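Next come the chains, spelled out residue by residue.
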Amino acid sequence: MSAIVLVGAQWGDEGKGKITDYLSARADCVVRYQGGSNAGHTVAVHNEKFMLHLIPSGILYPETLCIVGNGVVVDMEKVLAELQGLQQRGIDTSNLRISLRAPVVMPYHKKIDALEDRSSNIGTTKKGIGPTYADKINRIGFRFCDLVGDREYFATRLKTMVEYKNRIIQEIYHEEGFDYKELMDQLLSQADQLKKYLADTSYLVYSAIRDGKRVIFEGAQGTLLDIDHGTYPYVTSSHPTAGGACVGAGIGPTYINRVLGIAKAYTTRVGEGPFPTELFDETGQQLLKRGAEFGVTTGRQRRCGWLDTVILRYAERINGLTDIAITKLDVLDTFKTIKVCVAYRYKGTLIHEFPEDIKILKECEPEYIELPGWQEDITGITRYEDLPLKARAYLAKIEEITGVKQSIIAVGPKRSQTIVRDLMYM
Ligand code: IMP
């Protein structure tokens, strides 16, 4: 059995798309289990760049079954556009399956997300993620099975819901609401186009695992954006952590045997919220430029800082990491010295564990160790042994602090720029 959860160990944007893509070449099934079109994965294949938001990266392999699980909130307009984009570039999309249980992102969710973010100031992607999950938890959302099931039942519920959402949009925000009939026609037409992809995906995942297939659960965002375990309220509304894979795909924890954490060799975050190792100086600018740190989904500039191992140890604990992939190591190629945060200082006291209260986190000062940089171009290196001694020392230090072995090191965006130390069960 080989079922691997790939999870972001920081604030998202760790380069999960590239690692998923690399492992997808060996996988039979790739599953998204949370998030929605707020995610953005860039995959570079044969000098071509693919940007995927909702569809799993495995779609680039014709034999791979790609699943959008029940834990994902699906924007039909976005998924249809993504499908069209892939098809136009000659990618076969017939292996995509979307859960009949997946909540649908409605146009009013997107509008309310943008309106609410003005006052909450979380800096959401405005893709309707929070409002869609809120309706799901509140048991007033729509799932795909509602859209392709009894039409009269759907129409009645939608009418009531549009009236309710319009009251919020018009009375609180004084903006234009939605026309129920127009919305209904639009949604039914989109659902009709997606009908052939809809399935009981939990059963498909279960069958794949039972049949000894290699399954990858592709997490979006990252551990610190988890609604429970992240830097609340500056988080997303789902569970990017490994436990989310079970609920969001509909499989039991005993079916998973590896949890691979993906961590950048430094740290970034988009949107608001505390970030202890954030750099506001020339070094931060260099990380931004060298790492091309701009969001795939929103184009926003990412905030950059040194690697924080308090976060990595926390990610190990919350996710039960079996191993780690370190990405973008090459971004550090030019630095004379490299800092690594090993603890926080809060009101004079050293803290080793990641605090749950962001008010404390905001006041934490990073405690750094400083390591020598290798100042060499490593983008062409394909074997661990060929990495400069100082680069290996940097990696070894992280391994020592986190206690998690590094199975993959990425030294550039291309598939070929991946150093594999241990493929484990893949
Ligand atoms: P939402 O997921 O759009 O509700 O946004 C909530 C927070 O999560 C914001 O700070 C976003 O910037 C952040 N976020 C959402 N998706 C991603 C992602 O894929 N990468 C990094 N940050 C993300």
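As the structure is a computational prediction, the values presented were derived from the model and not from experiment. Residue positions within a chain follow its written sequence, with the count starting from 1. Note on the predicted model: pLDDT of at least 70 is required for a residue's local features to be given, and 80 or more for side-chain atom pairs to be given and counted; whole-chain, interface and lining totals, by contrast, use all residues. For side-chain calculations, the full set of non-hydrogen atoms in the structure is used, while hydrogens and water are omitted.

Student: What exactly am I supposed to notice about the overall build of the chain here?
Tutor: A count of helices and strands for the chain gives 13 helices and 18 strands. Dimensions of the chain along its principal axes, counting C-alpha atoms only, are 65 × 50 × 40 Å. Buried means the residue's accessible area, taken with a 1.4 Å probe over protein chains only, is under 20% of the maximum for its type, while exposed means over 50%, and partly exposed covers the values in between. In the chain, which comprises 426 residues, the proportion classed as buried is 57%. Counting rule for charge: Lys and Arg are taken as positive, Asp and Glu as negative, and neither His nor the chain ends is counted. We put the charge of a Lys on NZ, of an Arg on CZ, of an Asp on CG and of a Glu on CD. When the 53 basic and 54 acidic side-chain charges of the chain are each reduced to a single mean position, those positions are 2 Å apart. Runs of E in the DSSP output that reach at least two residues are strands. Runs of H or I that reach at least four are helices, and both are numbered from the N terminus.

Student: Explanation requested: helix H3 (residues 107-120) in the structure shown.
Tutor: A turn of α-helix holds 3.6 residues, and therefore any two residues three or four places apart point the same way. Taking 1.5 Å of rise per residue, 14 residues should cover 20 Å, and H3 covers 20 Å from first to last C-alpha, within 8% of that figure. Those residues of H3 not exposed but buried are Pro-107, Tyr-108, His-109, Lys-110, Ile-112, Asp-113, Leu-115 and Asp-117. Only heavy atoms enter the contact rule, under which two residues are in contact if any of them lie within 4.5 Å. Looking at the buried side of H3, the elements it contacts are helix H2 (76-88), helix H4 (129-137), helix H6 (151-172) and helix H7 (180-194). Residue Asn-121 follows H3 closely and has a positive phi angle near 60 degrees. Take the residue count of a helix, subtract one, and multiply by 1.5 Å to get its expected span.

Student: What am I meant to see in the site of the ligand here?
Tutor: The environment of the ligand is formed by 15 residues, the closest being Asp-13, Asn-38, Thr-125, Thr-236 and Arg-300. Pairing of N or O atoms within 3.5 Å defines a polar contact, subject to two protein rules: one partner must be a possible hydrogen donor and the other a possible acceptor, and residues neighboring in sequence count only if both atoms are side-chain atoms. The contact in question runs from an oxygen atom of the ligand to an N or O atom on the side chain of Thr-236, over 2.6 Å. Note on areas: Shrake-Rupley, 1.4 Å probe, and residue coverage restricted to the protein chains presented here. When the free accessible area of the ligand is taken as 470 Å², the share hidden by the protein chains comes to 96%. Residue-level mapping places the shell around the ligand at the junction of two domains, with at least three residues from each of domain 1 (1-100 + 200-264 + 309-327 + 376-426) and domain 2 (107-194). Proximity criterion: a residue is near a molecule or strand once any of its heavy atoms comes within 4 Å of it. Note that the domain bounds reflect an automated or database-derived domain assignment.

Student: In this structure, what is going on with the layout of surface pockets? I would like to understand it.
Tutor: Over the atoms, a rolled probe matching the size of one water molecule traces out where space is still vacant. Cavities and pockets were defined on a 1 Å grid built from protein atoms only: a cavity is a group of points that admits a 1.4 Å probe but offers it no way out, a pocket is an open group of points flanked by protein on both sides within 12 Å along at least five of seven lines, and a lining residue is one with an atom within 4 Å of any such point. Grid points are joined across faces, edges and corners, and a volume is the space filled by probe spheres set on the points. Computed from the structure, the second largest pocket encloses a volume of approximately 220 Å³. Lining the second largest pocket are 13 residues, and of these Tyr-133, Lys-136, Ser-238, His-239 and Val-247 sit closest to its centre. Where the lining of the second largest pocket is concerned, the elements lending two or more residues are H4 and helix H9 (242-249). Taken together, domain 1 (1-100 + 200-264 + 309-327 + 376-426) and domain 2 (107-194) each give at least three residues to the lining of the second largest pocket, which thus spans both.

Student: Where do I start with helix H1 (residues 16-24) in this structure?
Tutor: Burial analysis of H1 places 9 of its 9 residues in the buried class, the great majority of the element. Those residues of H1 that sit buried are Lys-16, Gly-17, Lys-18, Ile-19, Thr-20, Asp-21, Tyr-22, Leu-23 and Ser-24.

Student: Hey, could you run me through the sheet that holds strand S9 (residues 258-264) in this one?
Tutor: The strands making up a sheet associate through backbone hydrogen bonding, with each pair oriented either parallel or antiparallel. Read from one edge of the open sheet, 10 strands run S7-S6-S5-S2-S8-S1-S9-S13-S17-S18, paired in mixed fashion. Both edges of this open sheet fall to strand S7 (198-199) and strand S18 (418-420), since each of them pairs with a single strand only. By definition, two strands form a pair when at least two bridges between them are found by DSSP. In the sheet, S9 pairs with strand S13 (residues 323-327) via 5 bridges, with the strands oriented parallel. The residue bridging Leu-260 from the neighbouring strand is Asp-323, located in S13.

Student: I'm lost on empty space enclosed by the protein in this one. Help?
Tutor: Under the definition given, this model contains 1 cavity of 30 Å³ or more. For the largest cavity, the calculated volume is near 40 Å³. Elements supplying a minimum of two residues to the lining of the largest cavity: H2, H3 and H7. Broken down by element, the lining of the largest cavity gets its largest block of residues, 3 residues, from H7. When residues are sorted by character, Ala, Val, Leu, Ile, Met, Phe, Trp, Tyr, Cys and Pro go into the nonpolar class, Asp, Glu, Lys and Arg into the charged class, and all the rest, Gly among them, into the polar class. Looking at the lining of the largest cavity, its residues break down into 4 nonpolar, 2 polar and 3 charged. Two domains each put at least three residues into the lining of the largest cavity: domain 1 (1-100 + 200-264 + 309-327 + 376-426) and domain 2 (107-194).

Student: Teacher, can you tell me more about the packing of aromatic side chains here?
Tutor: Any aromatic ring pair is given by two values, namely how distant the centres are and how the planes are angled relative to each other. Within 6.5 Å between ring centres, the rings of Phe, Tyr and Trp (the latter by its six-membered ring) count as paired, and their orientation is classed by plane angle as stacked under 30 degrees, edge-to-face over 60, tilted in between. Under the criterion given, the structure shown has 7 aromatic pairs. Judged by centre distance (5.6 Å) and plane angle (70 degrees), the ring pair of Trp-306 and Phe-335 falls under edge-to-face. With Trp-306 in the loop between strand S11 (303-305) and strand S12 (307-308) and Phe-335 in the loop between S13 and strand S14 (337-346), this residue pair connects regions lying 29 residues apart in the sequence. Phe-335 shares its class with Trp-306; the two are buried. Feature note: the residues Tyr-314, Tyr-344 and Phe-354 constitute an aromatic cluster, connected by ring pairs. Over a ring means this: the NZ of a Lys or the CZ of an Arg is within 6 Å of the ring centre and within 35 degrees of the ring normal. The ring of Tyr-180 carries the charged tip of Lys-159 above its face, separated from the ring centre by 6.0 Å. Positioned above the aromatic ring of Tyr-384, the side-chain terminus of Arg-421 is 3.8 Å from the ring centre.

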